[in-house]
Amino acid sequence: MDTNSNSKKKVLKLGMPKGSLQESTIEIFRKAGIRISAGDRSYFPYCDDDELEIMLVRSQEMGKYVQDGLFDAGLTGQDWILETGAQVKEVCELIYGKSGFRPVRWVLAVPNDSSIHSVKDLEGKTIATELVNFVNRYLAERKVKATVEFSWGATEAKAGMLVDAIVELTETGRSLKANKLRIVEDLLASTTRFIANPKAWEDPWKRNKIENISILLKGALAAEGMVGLKMNLPEEHLPKIMDILPSLKRPTVSKLTLAGWIAIEVVVEETVVKRILPELKRAGAEGIIEYPLNKLIA
């Protein structure tokens, strides 16, 4: 018996974002079938997959740690990959955030009464942001010379008081409006990326593990806002049911033991269910069941 092949357990070192993306990331992993539990002060959460070794770090640092091989893979925003210039393999895009399933935006914002109305108006001005390197490159590409300062926090409060403008992250823009700021221009739309260390990507076992996680995470996100519907109906009513179901949704149809009856199953957007359920009932469907989806693998 060969004992050497099993002497060392194979483990994938995975970095997960600590901070604003932490809870939403843990929830996406849960829907993907990977349960993670992190205490308030713990940087090493429990995971029910013993092939994963997880550590929580700030998204801003993730790219460098993955690039340097301290993690085999990790999740971080495209914005921080661009900011740090990290040399990593982008495995897939995962569109989710702390408050919704859409990209986050880095925007140039100024006080409502500011004379700045375009990027060109920043000439000779001072800007505060966390995204210093990206903003400097953005201005250089447009041949605008301005001073870009790193902001350690409370960036919105600095606009008009300590600096002329800010480049800040926003999902809805509500906080900017509440602070009497207006958006001059969108600089970057950023989504979460699942990234890998190039050497880890070349390792067959690690690559397979990373790809498996990618498939599960994309499946969990694809299932967001979708539900499954099951129902029974007389076969002769199928054309009417098909007219009610959203276009491009072709159900699975199977015969029931009761002659002339069929069962159908289909995946639809949750937002349309409340509208079509009464119509399905009137069209002859019975025993209608709505159920949630954790994953939808295309």
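What counts and what doesn't
Residues numbered from 1 in each chain as written. Predicted model: local features only at pLDDT ≥ 70, side-chain atom pairs only at ≥ 80, totals over all residues. Heavy atoms only, no water. Helix = DSSP H or I, 4+ residues; strand = E, 2+ residues; numbered from the N terminus. Rg over C-alpha atoms; globule rule 2.2 N^0.38 Å. Buried < 20%, exposed > 50% of the residue type's maximum accessible area, 1.4 Å probe, protein only. Contact = heavy atoms within 4.5 Å. Areas by Shrake-Rupley, 256 points an atom, 1.4 Å probe, with all protein chains shown as cover. Phe/Tyr/Trp six-rings, centres within 6.5 Å; stacked < 30°, edge-to-face > 60°. Lys NZ or Arg CZ within 6 Å of the ring centre and 35° of its normal. Pairing = 2+ DSSP bridges. Axes fitted to C-alpha atoms, helices over the stretch in contact; angles between N-to-C directions. Core = buried A, V, L, I, M, F, W, Y, C linked by side-chain atoms within 4.5 Å.

**Student:** In this structure, what is going on with the overall build of the protein? I would like to understand it.
**Tutor:** Along the protein, the regular secondary structure elements total 10 helices and 16 strands. The C-alpha atoms of the protein give 25 Å as radius of gyration, which overshoots the globular expectation for 298 residues (19 Å, by more than 25%). Based on the C-alpha atoms only, the size of the protein along its principal axes is roughly 80 × 65 × 35 Å. When each of the 298 residues of the protein is scored for burial, the buried share is 45%. Taking as baseline every contact in the protein between residues at least 6 positions apart, the subset at least 24 positions apart corresponds to 70%. Surface summary for the protein: the accessible area is close to 16,500 Å², and the carbon and sulfur share equals 51%.

**Student:** What's the story with the packing of aromatic side chains in this structure? I'm lost.
**Tutor:** The geometry of an aromatic ring pair comes down to the distance between the two centres and the angle between the two planes. Going through the model one piece at a time under the given rule, you end up with four aromatic pairs. Plain terms: the ring middles of Tyr65 and Phe71 are 6.1 Å apart, the flat faces sit at 85° to each other, and that makes the pair edge-to-face. Among the residues examined, Phe71 registers a relative accessible area of 6% and is labelled buried. Geometrically, the ring pair formed by Phe134 and Tyr138 is tilted, given 6.2 Å between the ring centres and 35° between the ring planes. Residue Phe134 and its partner Tyr138 are both found in helix 4 (residues 132-141); the two are separated by four residues, about one turn of the helix. Given a relative accessible area of 12%, Phe134 falls into the buried group. The ring of Tyr43 has Lys18 sitting right over it, with the charged end atom 4.9 Å from the ring centre. If you follow Arg142 out to its NZ or CZ, it ends over the ring of Tyr138, 3.5 Å from the centre.

**Student:** Can you walk me through the sheet that holds strand 13 (residues 226-234) in this structure?
**Tutor:** The strands making up a sheet associate through backbone hydrogen bonding, with each pair oriented either parallel or antiparallel. The antiparallel open sheet is built from four strands, whose spatial order is 14-15-13-16. Of all strands in the sheet, those with a lone pairing partner are strand 14 (252-255) and strand 16 (286-292), marking the two edges. Sheet twist, expressed as the average angle between the axes of neighbouring strands with direction ignored, equals 15°. With respect to the sheet, helix 10 (residues 270-282) is in contact with strand 13, strand 15 (261-269) and strand 16, its orientation differing from that of strand 13 by roughly 10°.

**Student:** What am I meant to see in the environment of Asn112 here?
**Tutor:** Within the secondary structure layout, Asn112 lies in the loop between strand 7 (104-111) and strand 8 (126-129). The exposure class of Asn112 is partly exposed, given its relative accessible area of 45%. The residues contacting Asn112, other than those within four sequence positions of it, are Lys180, Leu181 and Arg182.

**Student:** Explain the nonpolar core here, please?
**Tutor:** One broad rule of soluble globular proteins: the nonpolar side chains tend to lie buried together. Within the largest apolar cluster, 27 residues are counted, with the highest numbers of intra-cluster contacts made by Leu14, Met16, Phe29, Leu75 and Phe194. When residues of this core are traced back to their parent elements, those giving at least two are strand 1 (12-18), helix 1 (22-31), strand 4 (52-58), strand 5 (73-77), strand 6 (89-94), strand 12 (192-196) and helix 8 (204-222). Looking at this core element by element, the count peaks at five residues for helix 8. Once residues within four sequence positions are removed from consideration, Phe194 is found in contact with Leu14, Ala73, Gly74, Leu75, Lys89, Glu90, Val91, Cys92, Leu94, Ile210, Ile213 and Ser214. Of all hydrophobic cores here, the second largest spans 21 residues; its members include Leu108, Val119, Phe134 and Leu188.

Note that all results are geometric; they support no functional claim without further evidence.
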